[in-house]
Amino acid sequence: HGHRRLPSAPVRPRGDPRLLFVNAGMNQFKPVFLGTAHPRSELAQHRRVVNSQKCVRAGGKHNDLEDVGRDTYHHTFFEMLGNWSFGDYFKEEACSMAWELLTEVYEIPRDRLYVTYFGGDSSLGLSADEECRDVWLRLGVPASHVLPFPLKDNFWEMGDTGPCGPCTEIHYDHVGGGRNAAALVNQGSPDVVEIWNLVFMQYSREVEGNLLPLPQRHVDTGMGLERLVTVLQHKRSNYDTDLFTPILDAIHKGCGGPRYQGLVGDADVGRVNMAYRVVADHVRTLCVCITDGIYPGLSGAELVLRRILRRAVRFCSEVLHAPPGLLASLVPTVVEVLGDAYPELTKNADQIMDIINENEAAFLSSLERGRHIIERTVQQMEPFTNFPAEVAWSLYGNLGFPLDLIDLMLEEKGISLDSAAFNELVLEDAKRKAGGPQAGHLEDSNTRLDVHSLAQLRSNDVPATDDSPKYAYTLGQHGQYEFSPCQATVLMLYRDQSLQKEVGAGQRCGVILDRTNFYAEQGGQASDQGYMIHLGQQDILFPVESVRLCGGYVIHEVTAVETLRAGDQVQLFVDEAQRLACMTNHTATHVLNFALRHVLGDNTEQRGSHVTAEQLRFDFDTKGPVTVEQLQQVEQVVQDVIKRNEVVHMAEVPLTLARRVQGLRAVDEGYPDPVRIVSLGVPVESVLTCDSEAAMQTSVELCCGTHLLQTGAMEDLTIINERQLVKGISRVIAVTGGQAKKAREVGQCLAMEVDSLSLRMKQRSTSIPEMQKLSKEVGQLTKVLTSTAVPQWQRKELQTILRALQRTANTAIKKLEMQQAAEKAQSLLAKHCNQPVIIDTVPADSLSILMKVVNQLCDKSPGTSVLLLSPQVSGEVLCACQVSKNCLPVFSAADWAVAVCTQMEGKAGGSPIVAKGSGNAKGMQGALTTALEFAQSKL
């Protein structure tokens with residue numbers, strides 16, 4: 001029917017921070033529905049499209065995770081078959097094509113199919129979708145099989161606001177046999193299931209909740225492949241189809257237990273069948289997500305994937321009793337099942353297995369650590385108390401220890417969790433996260449055109465903004481950048497979600513011009529800032545705070561200092577220093593991308609970047625942390641490109657031609673056609689020739705950003721931070737020019753301080769305060785090094801040296817304390833020869849030394865119990881004691897220390913053998929008397 005088949009989008013959503021995963025076929029087409037697709041992009045050219053989309057529903061609104069495995073139809077990963085019409089055909093054609101495919105091509109018996117339509121909603125003033133009902137009746141569907149349903153079943157919405165409309169669903173009756181199953185439709189019966197949903201987008205829900213007709217009507221259909229295959233293969237469960245049976249067989253082979261029998265609920269003794277379903281489903285999700293660049297991690301989609309992996313590991317080990325490694329061993333089978341439809345899986349099989357194995361090993365070790373923490377906490381708890389909530393929360397949040405496992409282990413010990421306190425911690429965490437991605441959503445309402453305003457601009461023939469002047473800059477004869485001025489006409493103003501011809505003084509609004517030299521935020525580069533003036537009025541400036549591209553229109557966010565009107569002539573002035581800094585950092589990002597691939601290997605893929613005037617951020621695939629040597633090599637490659645002062649070649653070429661370039665580096669993005677190519681040192685014409693391998697030897701990327709004209713203006717680049725975001729993805733932050741030079745200078749100063757500290761440490765002072773001072777300096781320098789911008793390779797080197805110095809200082813202090821303690825113990829032993837109890841005062845610089853004196857006394861005189869007090873200059877008195885094992889359990893060190901320190905208005909604590917505390921010097925004499933009386937009463 002003239003549809004264009006498109007590949008599936010990756011499951012990592014592009015440009016939608018509110019989505020964890022792509023969870024429906026329509027996600028990649030949102031810009032079309034919202035009218036924000038660039039008119040020159042491929043996306044905007046589509047009229048009829050068909051594809052099979054990889055979808056993940058786990059976490060967020062569609063949280064199916066805990067349901068997976070309990071029944072035979074829930075999944076975290078599924079494939080969504082869909083066809084779309086963008087302003088082309090509507091209800092008649094959509095329904096007839098669906099009916100033809102199901103009944104004539106797939107030959108599904110007509111009497112087993114039921115269709116539903118929207119029955120209307122009086123509160124919204126919406127009548128029943130009789131047009132849709134009549135289409136089905138004309139197609140020959142019996143009236144008894146055409147059923148109306150209310151808003152919740154048959155009205156589809158993208159979100160709280162935006163495109164929406166009535167839908168019609170096709171349901172299948174698994175039982176058949178001539179019965180009428182109309183009463184079971186939409187009743188949650190496993191016998192009658194929905195297989196295809198056809199959505200007719202004809203309204204837009206506004207912020208106020210009212211519905212407005214959409215300027216262009218669209219069709220969006222979705223049919224789950226797993227359910228369809230179940231029907232076509234005459235099965236009752238998705239897990240009995242050939243999408244799953246090879247994986248279930250591989251699980252059986254790997255664990256050697258009983259075979260999968262498809263049992264659910266009480267019939268599934270020991271939850272073995274549930275485990276089979278969990279593992280089969282989850283390993284598919286892991287394969288697809290890891291291939292698309294989502295790795296198990298600590299937040300967002302990565303955290304959800306970590307939970308999926310850990311849930312699968314637990315079912316493997318606890319229920320199926322499989323050896324470690326079973327999960328990863330299933331990857332080749334998953335690739336065999338899904339690889340033809342999604343070839344990207346085939347390329348990444350080894351990497352998927354490595355990541356699964358590494359994460360499984362880490363989880364099993366976390367479980368072991370968690371068990372030890374629970375054991376230790378239980379031992380220290382007072383009898384008849386609840387398990388502390390903060391320990392459970394730490395196990396859950398930091399170690400990823402499953403909550404149900406904590407409950408299970410506590411239940412075995414007859415202890416319960418402090419649930420009220422735990423729930424409070426959960427609520428606090430939720431509140432903290434609520435200030436996340438959506439927090440800034442309201443601020444940009446003046447630069448995000450809504451679907452109606454976009455349609456109005458187009459119907460009024462308002463032309464898309466010509467933003468080519470943003471590239472109009474040259475190098476002056478002294479090497480300075482000269483930016484051409486730009487004169488423009490105000491075409492329209494945008495405020496409070498409506499287009500306006502006039503905006504009064506003091507109001508914020510979006511300004512749409514016929515042309516602009518301002519760069520709108522896109523491709524990871526921050527937008528320009530600057531100001532505009534009314535032509536001929538030099539003294540009144542309209543500051544431009546941000547710039548955004550929306551459906552081909554560039555919107556400048558401005559605070560009107562005086563009245564602005566459509567038709568006004570304005571002159572635009574970009575903040576040249578900020579723009580030049582962005583240009584420098586964007587070109588540096590391309591050079592850095594090339595250098596990383598050069599040093600770490602060609603499979604180093606870009607995962608994202610962000611360029612501002614201050615710095616550049618770059619995320620990429622990596623096997624492990626980048627070493628000091630690799631960081632130095634990367635910087636050296638960049639330095640060489642800067643020294644060569646290579647010309648940066650830029651040209652617009654047709655997208656089809658650009659995609660043929662060998663070794664082209666392009667992030668998964670929707671590019672306009674024609675597209676801009678940026679090539680370092682090699683003219684674009686040379687890169688485009690058929691057999692050219694130029695793109696393999698230099699940086700060649702598709703990019704709409706603004707760049708330097710020659711690389712020398714970068715002056716310098718240094719990577720000031722590198723860390724792993726999640727296993728397999730690293731993030732580097734780099735600075736250029738003067739900032740890079742400053743970072744190197746600061747690095748040199750800190751290196752000299754570390755050298756000086758090393759020298760002083762080698763002189764090995766015999767004074768404890770002197771060594772403690774050095775130890776403190778090491779700590780302070782470590783702190784400074786962590787928070788200061790210096791080259792990352794140097795930070796890593798200096799941190800290694802400082803760690804060694806800290807160990808040396810700690811060892812030296814311990815040794816000196818032991819020597820001092822031995823001397824003091826010797827003189828006390830001579831003073832109190834062979835006494836069963838020693839009570840005395842002794843000078844000691846710290847509680848640590850005092851405790852060591854007590855320990856050594858008891859070691860040298862095993863039958864003696866010792867309590868020592870040490871008055872400090874501050875007026876505090878330190879107390880340490882140890883009781884001979886022969887005196888237990890009558891005589892307790894903890895009770896002894898408490899009695900003594902209470903006398904000095906202080907506190908103490910410890911075990912029956914050793915204890916320590918402190919108090920006030922005023923009560924010291926009384927404390928010595930108390931110490932003796934307490935000991936005498938117990939011995």
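By convention here, each chain's residues receive numbers from 1 onward along its written sequence. Residues qualify for local features only when their pLDDT is at least 70, as the model is predicted, and side-chain atom pairs are given and counted only at 80 or more; totals for whole chains, interfaces and linings, by contrast, use all residues. The side-chain quantities take in all heavy atoms of the structure and omit both hydrogens and water.

Draft legend 1. Quick look at the nonpolar core. Here, the term nonpolar core denotes a set of buried Ala, Val, Leu, Ile, Met, Phe, Trp, Tyr and Cys residues that are joined through side-chain atoms within 4.5 Å. Exposure categories follow from relative accessible area, calculated using a 1.4 Å probe and restricted to protein chains: below 20% of the type maximum is buried, above 50% is exposed, and the middle band is partly exposed. Membership of the largest hydrophobic core comes to 108 residues, with the highest contact counts inside it found for Leu 102, Trp 136, Ile 170, Ile 251, Leu 327 and Ile 356. Only runs of H or I of at least four residues qualify as helices and only runs of E of at least two qualify as strands under DSSP, and these elements are numbered from the N terminus. The biggest single contributor to this core is helix H8 (residues 272-291), with 13 residues. When residues no more than four places from it in sequence are discounted, the contact partners of Trp 136 are Cys 95, Trp 99, Val 115, Val 141, Val 146, Thr 168 and Ile 170. Residues count as neighbours in contact if any of their non-hydrogen atoms are within 4.5 Å of one another.

Draft legend 2. Expanded view of the layout of surface pockets. For each structure, a 1 Å grid was placed over the protein atoms alone; sets of points admitting a 1.4 Å probe that cannot get out are labelled cavities, open sets with protein on both sides within 12 Å along at least five of seven lines are labelled pockets, and lining residues have an atom within 4 Å of a point. Grid points are joined across faces, edges and corners, and a volume is the space filled by probe spheres set on the points. One number sums up the size of the second largest pocket: a volume of about 540 Å³. Forming the boundary of the second largest pocket are 26 residues, of which Val 50, Gly 82, Asn 83, Leu 101 and Tyr 106 lie nearest the centre. Listed by contribution, the elements that provide at least two residues to the lining of the second largest pocket are strand S2 (48-56), strand S3 (77-86), helix H3 (91-105) and helix H11 (331-338). In terms of residues, the lining of the second largest pocket owes the most to one element, H3, which gives 5 residues.

Draft legend 3. Expanded view of unusual backbone geometry. Each neighbour pair has its own omega, and for Asp 673 with Pro 674 the value is 5 degrees, a cis peptide bond. Within the secondary structure, Pro 674 sits in the loop between helix H20 (655-658) and strand S24 (675-680). Here the amide bond leading from Leu 888 into Pro 889 is cis, since omega sits at -5 degrees, within 30 degrees of zero. Here the phi dihedral of Glu 107 falls at roughly 55 degrees; this positive angle occurs in a residue that is not glycine. Positioned with a positive phi, Asp 461 is a non-glycine residue whose angle comes to about 55 degrees. Tracing the chain through its elements places Asp 461 in the loop between helix H17 (451-459) and strand S10 (473-475). In this structure Asp 461 comes out as exposed when scored by relative accessible area, which is 65%.

Draft legend 4. Representation of the pairing of strand S12 (residues 486-495). The element S12 is extensively covered by neighbouring structure, given that 8 of its 10 residues are classed as buried. Strands qualify as paired when DSSP identifies two bridges or more between them. Direction of pairing for S12 relative to strand S20 (residues 569-574): antiparallel, over a ladder of 4 bridges. For Thr 489, the partnering residue across the bridge sits in S20 and is Gln 569. By the bridge criterion, 4 bridges tie S12 to strand S15 (residues 508-513) in an arrangement that is antiparallel. Each bridged residue has a counterpart across the sheet, and for Val 490 the counterpart in S15 is Leu 513. In this sheet, strand S13 (residues 498-500) lies alongside S12 in antiparallel orientation, the contact comprising 3 bridges. Considered in S13, the bridge of Leu 493 is made with Gln 500. The hairpin formed by S12 and S13 contains 2 residues between the paired strands, and Asp 496 there has a positive phi angle of roughly 50 degrees.

Draft legend 5. Expanded view of the sheet that holds strand S27 (residues 729-736). What the 4 strands build is an open sheet, ordered S21-S22-S27-S26; its pairing is antiparallel. Edge positions in the sheet fall to strand S21 (606-611) and strand S26 (717-726), since each of these pairs with one other strand and no more. Shown here is a sheet whose adjacent strand axes are inclined to one another by a mean of 15 degrees, direction ignored. To get an axis, fit a line to the C-alpha atoms, keeping to the stretch in contact for a helix; angles then go from 0 to 180 degrees between the N-to-C directions.

Draft legend 6. Spotlight on empty space enclosed by the protein. What the rule picks out here adds up to 1 cavity of 30 Å³ or more. As a volume, the largest cavity reaches approximately 40 Å³. Taken together, Pro 469, Lys 470, Ala 472, Phe 483, Ser 484, Asn 517, Val 574 and Arg 579 form the lining of the largest cavity.

Draft legend 7. Representation of the pattern of salt bridges. When a carboxyl oxygen of Asp or Glu is within 4 Å of a side-chain nitrogen of Lys or Arg, the pair counts as a salt bridge. Applying the stated criterion across every chain yields a total of 35 salt bridges. Between Glu 302 and Arg 12 there is a salt bridge, with the nearest N and O atoms lying 2.9 Å from each other. Residue Glu 302 is found in helix H9 (residues 300-319), and its partner Arg 12 is found in the loop between strand S1 (4-5) and helix H1 (30-34); the two are separated by 290 residues along the sequence. You can call Arg 12 partly exposed: its relative accessible area is 32%. The salt bridge involving Glu 344 is made with Lys 54; its shortest N-O contact spans 2.5 Å. Here Glu 344, found in helix H12 (residues 344-347), pairs with Lys 54, found in strand S2; they are 290 residues apart in sequence, far enough to count as distant. Taking relative accessible area as the criterion, Lys 54 reaches 3% and is therefore assigned buried.

Draft legend 8. Representation of the environment of Pro 190 within the structure. Summarising the element assignment, Pro 190 is placed in the loop between strand S7 (162-173) and strand S8 (192-205). Judged by its relative accessible area of 54%, Pro 190 falls in the exposed class. With 17 residues separating them in the primary sequence, Pro 190 and Asp 173 have C-alpha atoms 9.1 Å apart. When neighbours within four sequence positions are excluded, Pro 190 is seen to be in contact with His 174 and Arg 236.

Draft legend 9. Spotlight on the packing of aromatic side chains. Two rings from Phe, Tyr or Trp (for Trp, the six-membered ring) form a pair when their centres sit within 6.5 Å of each other. Planes less than 30 degrees apart are called stacked, planes more than 60 degrees apart edge-to-face, and all others tilted. All chains considered together, the criterion is met by 17 aromatic pairs. An aromatic cluster of at least three residues, connected via ring pairs, comprises Phe 29, Phe 33, Trp 84 and Phe 86. Only when the NZ atom of a Lys or the CZ atom of an Arg is both within 6 Å of the ring centre and within 35 degrees of the ring normal do we say a charge sits over the ring. It is Arg 217 that lies over the ring of Phe 90; its NZ or CZ is 4.1 Å from the centre. Over the face of the ring belonging to Tyr 471 we find Arg 676, whose NZ or CZ atom lies 3.5 Å from the ring centre.

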